[in-house]
Every structure is written in C-alpha cells, then in structure tokens.
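Structural overview for review
Given next are the chains, with one letter for each unit.
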Amino acid sequence: MNTPQPAEEGRPIGRRVLLGTLGLGALGVVTAPTLQRGLEAFLGSAADKDPTGLTGLLPNGGGFRYYSVTSSVPHRTAATYRLTVDGLVDRPRTYTLADLRALPQTRLVKDVQCVTGWRVPGTPFEGVRLSRLLDAAGVRANGRAVRFTCFDGAYSESLTLGQARRPDVLVALRMQDKDLGHSHGGPVRLYVAPMYFYKSAKWLSGITVTDEVEPGYWEERGYDVDAWVGRSNRRDDDPTS
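Residues numbered from 1 in each chain as written. Predicted model: local features only at pLDDT ≥ 70, side-chain atom pairs only at ≥ 80, totals over all residues. Heavy atoms only, no water.

Let us look at the overall build of the protein chain. Counting its regular elements, the protein chain contains five helices and ten strands. For the protein chain, the residues scored as buried account for 47% of the 241 residues in total. (Helix = DSSP H or I, 4+ residues; strand = E, 2+ residues; numbered from the N terminus. Buried < 20%, exposed > 50% of the residue type's maximum accessible area, 1.4 Å probe, protein only.)

Here we come to the pattern of salt bridges. Summed over the entire model, instances satisfying the criterion amount to 14 salt bridges. A salt bridge links Arg107 to Asp177; its shortest N-O distance comes to 2.8 Å. Here the residue Arg107 occupies a position in strand β3 (residues 106–113), and Asp177 occupies one in the loop between β7 (169–175) and β8 (178–179), the gap between them amounting to 70 residues. Given the relative accessible area of 42%, Asp177 is considered partly exposed. Residues Arg221 and Glu220 are paired through a salt bridge, measuring 3.8 Å at the closest nitrogen-oxygen approach. (Salt bridge = Lys/Arg side-chain N within 4 Å of Asp/Glu carboxyl O.)

Before going further, it helps to spend a moment on the packing of aromatic side chains. Taken as a whole and assessed by the stated rule, the structure comprises eight aromatic pairs. Between the aromatic rings of Trp118 and Phe197, the centroid separation amounts to 6.4 Å while the plane-to-plane angle is 80°, which identifies the pairing as edge-to-face. One end of the pair, Trp118, is in the loop between β3 and β4 (119–129); the other, Phe197, is in the loop between β9 (189–192) and β10 (204–210), and 79 residues separate them in sequence. In this structure, Trp118 and Phe197 share a single accessibility class: buried. Between the aromatic rings of Tyr198 and Tyr223, the centroid separation amounts to 4.8 Å while the plane-to-plane angle is 65°, which identifies the pairing as edge-to-face. (Phe/Tyr/Trp six-rings, centres within 6.5 Å; stacked < 30°, edge-to-face > 60°.)

So, about unusual backbone geometry. Cis geometry marks the peptide bond from Gly186 to Pro187; its omega dihedral reads 15°. Phi angles above zero are rare outside glycine, and Asn233 is one such case at about 55°. Assignment of secondary structure puts Asn233 in the segment after β10. Non-glycine residue Arg234 carries a positive phi angle of around 55°. Within the element layout of this structure, Arg234 appears in the segment after β10.

Checked against the element boundaries, Glu219 lands in the segment after β10. A distance of 2.9 Å separates a polar atom in the side chain of Glu219 from the backbone nitrogen of Gly216. Residue contacts for Glu219: discarding those within four places in its chain leaves Glu157, Tyr198, Lys199, Asp224 and Val225. (Polar contact = N/O pair within 3.5 Å; in protein donor to acceptor, adjacent residues only side chain to side chain. Contact = heavy atoms within 4.5 Å.)

Let us now look at the pairing of β7. Counting buried residues along β7, six of its seven residues qualify, which places the element largely inside the surrounding structure. As defined by bridge partners, β4 adjoins β7 across five bridges and the pair is classed as antiparallel. Each bridged residue has a counterpart across the sheet, and for Gly127 the counterpart in β7 is Ala172. Of the pairings in the sheet, the one linking β7 to β9 comprises four bridges and is antiparallel in character. By the bridge assignment for β9, Val169 is matched with Val192. Sheet topology places β7 next to β8; two bridges connect them, and they run antiparallel. Along β8, the bridge assignment pairs Met175 with Lys178. Count of turn residues in the β7/β8 antiparallel hairpin: two residues, of which Gln176 carries a positive phi of about 55°. (Pairing = 2+ DSSP bridges.)

Ranked by size, the top nonpolar core spans 41 residues in total, and within it Leu83, Leu130 and Ile207 carry the most contacts. If you list the elements that add at least two residues to this core, you get β1 (83–87), α3 (97–102), α4 (130–137), β5 (145–150), α5 (161–164), β7, β9 and β10. In terms of residue count, the dominant contributor to this core is α4 (four residues). With sequence-adjacent residues up to four places away left out, Ile207 is seen in contact with Leu83, Thr84, Val85, Asp86, Leu130, Leu133, Leu134, Val146, Arg147, Phe148 and Val171. Within the second largest apolar cluster, 13 residues are counted, among which are Val112, Trp118, Phe125 and Met175. (Core = buried A, V, L, I, M, F, W, Y, C linked by side-chain atoms within 4.5 Å.)

Encoded structure:
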C-alpha cells in the first residue's frame, strides 16, 4: 500500500446504500455463483466510495475484502499510471502500465492468507517477477532491501533483497484472471505469495532499493517484518507457498 477525482470520491456511502448492501450481502450467502459474482462487483463499486470500511465486513463472493488505511484512494488509469524503480540502482526507470504489460508475465496460483484469519484458496495472480525489474535496474553492491510505496499516499512495505528476488514475488497486473481493479489494488500491486497478505501492497507506485529494511505501515504498528505464513505474527496457518 495523483489524478483529480470527482467531488463524490471518498464520501461515506449513505444509509440507504449501506442497508441495501447489507441485504444483498445476506442474499449472497445463499444464492447461486452467478448472483455472487454480481454481488462482488456491486460491493467493489460501493467500497471504492466507502472510506468507513463497512463494506469490507460484508459477504463477498470472491472471498476478498476491501481495506484501505486512508479515507479515500485516487484512481489510476492505463494512461496515468506510473511505477518508479530507484534508490541504490544504476539505471532508475519509470514504467507505464503498457511497459509492464509488454514484459514476460508469470502466473501463480496460491492460497491467499490474511493475518486476521481469512483465506482465499487457489487464487491466480499474474504479473512481472519483481526480480526482473531489479535486474533491469542494476542493484548496487550496497543494496540489501527494497521499500515499496503506494499512490494512496500512506501505505508502505519492505522486503529484504533475497526475499524480493524470490520467483513467487510479483509486480501483479491481474488477479483471478482479470485485470486488477481499483478495489483490489489496481492497476498494479505487489504480490508476495509466501507471506501474509499485508505484505502484498496495493496501489503500488514506487520500488526503492535501500541499504536496510525499513518497516512498513503495519510493521510500525506491531506486525512482524518477516511475515511468513504460519511462522510469524504468532499464527500457525498452513503455508501458502
């Protein structure tokens, strides 16, 4: 974890919308998969306009919930999105969404585990291996870690260089075989398959090579910096990778 947005961006949803969403959420528990897919789309749209996070508490056919640490998050389009790679590198670069799509893509299908307890099994992610971007940038000898920043203006994350170079760490462009939507951290997010999902920063905008690990947003609030599923945060979940 900027293009100006219309005035309604970031406003809390109204009481009628919330009550209607609650009704649809209850309905989604017992309806067929087709209706649940429609519910997921509706909740994603409502969540985009809900800084309260209340929509994240409702049933969701896709198994995911919308989380943001800010009251609202600006949108990025294919035309306006940029990802910078800089810091302790020889060749800093800024990528457009088209640039990232033109690079070789890797597809992973793993369980996603949130540190709060929920798990979404067999979730496909697709994107560019982070190691490819680091190699293209030319990491200097004193580069030992990577810091990630996000265009929500608040969220951050970090990995050691060794963790960042794992083949199951992606700069992801697609999830569940669809382009990443805004509510899922699109158009580009980090995906760290073997770690709890807070390491997979949404709305990714910056990759900076540093000389040491800098704790991210949640690490500064008590979460483990090394967030291996089942081996950190005093949890014993089954590994995801």
